[in-house]
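Topology and contacts: notes
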Amino acid sequence: MRKWIALMLLLCLTVLLCACGGKDAPPGLEFRDIPWNSSPEAVLAALDLEAQTRSEVEQWDAGAYFTVTAENWKVFGETAVTARFVFYNFTPEAGDHFGLSGVQIFYPEDADVEAVLKNLRNAYGPEAQAYTLYTILDGEPEPREYKWEDGKFDWYSRKLAGDVLSETGKAAYRAVLGDITEAGFEACLASPAARITWREDFYGQFENPEELTAQNGNLSWLNFDAATGVMLEQKFESAP
């Protein structure tokens, strides 16, 4: 299971070229200035959202999570079909805190995507133009080069995972990753603490995009995501 976590949750992004949020963007790419790891109650209050649909807690080897979903919610200038807030806890015990680790927003086909992107760029600066993605396979970092592609945009925080993690947090992060080399772990610490992803063809990344689009329409996807290590620390705060 730890190997699966390393493959699925660990996408270390370092050596970024024109890839970080603008100088006026939140250094941790927080959603609506809400600190990562905020409680569900704090998130809903900050967004002035009433109680929404809440999923059951899903367990896995390294922790647990649940989601809170809002429908037909206007965000970044357009009304989203669905906005899903993800709350994680990597050491779940009775009474433990579940904190905000991601926000997934789905826009309908007729949404004005240019308006959404304009508002995103105003808030977080220009998207990445080129970057190097390090995937950790067999414990070693393997680089893959990416460049800007129309309809597929990414933003990466200026704050890095290593800036957030205490020594205790680093030890917990390394334990979750399992069999990883020192070089691999250093690549993780040098990765951005958060990422924003925009995909105008959400279903295009799946095996049967035509079937899924026929069932649900052509959705655009906006995703805010805090790094696994950041959530393990559970002390992530917005920088002043």
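Not measured: the values here are computed from a predicted model. (Residues numbered from 1 in each chain as written. Predicted model: local features only at pLDDT ≥ 70, side-chain atom pairs only at ≥ 80, totals over all residues. Heavy atoms only, no water.)

1. A closer look at helix H3 (residues 113-124)
With 12 residues, H3 extends 16 Å from end C-alpha to end C-alpha; this agrees with the ideal 16 Å at 1.5 Å per step. Within the span of H3, buried status applies to Val113, Val116, Leu117, Leu120 and Tyr124. Mapping the buried residues of H3 onto a view down its axis gives an arc of 95°, with all of them on the same face. Those residues of H3 that are exposed and aimed more than 90 degrees away from the buried face are Lys118 and Asn122. Those residues of H3 hidden inside the fold are in contact with strand S5 (78-89), strand S6 (99-107), strand S9 (152-156), strand S10 (194-199) and strand S11 (220-226). Just downstream of H3, Gly125 is the residue with a positive phi angle, here 85°. (Helix = DSSP H or I, 4+ residues; strand = E, 2+ residues; numbered from the N terminus. Expected span 1.5 Å × (residues − 1). Buried < 20%, exposed > 50% of the residue type's maximum accessible area, 1.4 Å probe, protein only. Arc of directions from axis to C-beta. Contact = heavy atoms within 4.5 Å.)

2. A look at the pairing of S10
Of all the 6 residues making up S10, 6 are buried; the element is thus mostly covered by neighbouring parts of the structure. Looking at chain direction, S9 and S10 are connected through 5 bridges and run antiparallel. Looking at the pairing, Trp155 lines up with Ile196 of S10. Two elements, S10 and S11, share 6 bridges in a ladder whose sense is antiparallel. Its bridge partner lying in S11, Trp198 is registered against Leu222. (Pairing = 2+ DSSP bridges.)

3. Topic: the packing of aromatic side chains
By the definition in use, this model includes 12 aromatic pairs. Taken together, a centroid distance of 6.1 Å and an interplanar angle of 75° make the contact between Phe31 and Phe76 edge-to-face. Of this pair, Phe31 sits in the loop between strand S1 (11-17) and helix H2 (40-46) while Phe76 sits in the loop between strand S4 (63-75) and S5, and the two are 45 residues apart along the sequence. Each of the two residues, Phe31 as well as Phe76, counts as buried. Overall, the relative accessible area of 1% leaves Phe31 in the buried class. Through a chain of ring-to-ring contacts, the aromatic side chains of Phe31, Trp73, Phe76, Phe85, Tyr124 and Phe224 assemble into a single cluster. Seen from the ring of Phe76, Arg32 lies directly overhead, with NZ or CZ sitting 5.9 Å from the centre. The lysine or arginine in question, Arg54, covers the ring of Phe66, its NZ or CZ lying 3.8 Å from the ring centre. (Phe/Tyr/Trp six-rings, centres within 6.5 Å; stacked < 30°, edge-to-face > 60°. Lys NZ or Arg CZ within 6 Å of the ring centre and 35° of its normal.)

4. Some thoughts on the nonpolar core
Counting residues in hydrophobic clusters, the biggest one holds 47 residues, and the most contacted among them are Phe31, Phe76, Phe85, Tyr107, Leu120, Trp198 and Phe224. Contact partners of Trp198, with chain neighbours within four places excluded, come to Tyr107, Val113, Val116, Leu117, Leu120, Gly151, Lys152, Phe153, Trp155, Ser220, Trp221 and Leu222. (Core = buried A, V, L, I, M, F, W, Y, C linked by side-chain atoms within 4.5 Å.)

5. Focus on the confidence of the model for the chain
The share of residues in the chain with pLDDT of 70 or more is 73%, and the mean pLDDT across the chain is 78. Looking across the chain, the model is least confident in helix H1 (residues 2-8), with a mean pLDDT of 34, and most confident in H3, with 94. Contacts of residues 13-19 to residues separated by more than four positions or lying in other chains number 32 contacts, the stretch itself having pLDDT below 50. Here residues 235-240 is modelled with pLDDT under 50, and outside its nearest four sequence neighbours on either side it reaches 16 contacts, counting other chains as well. (pLDDT = per-residue confidence, 0-100.)

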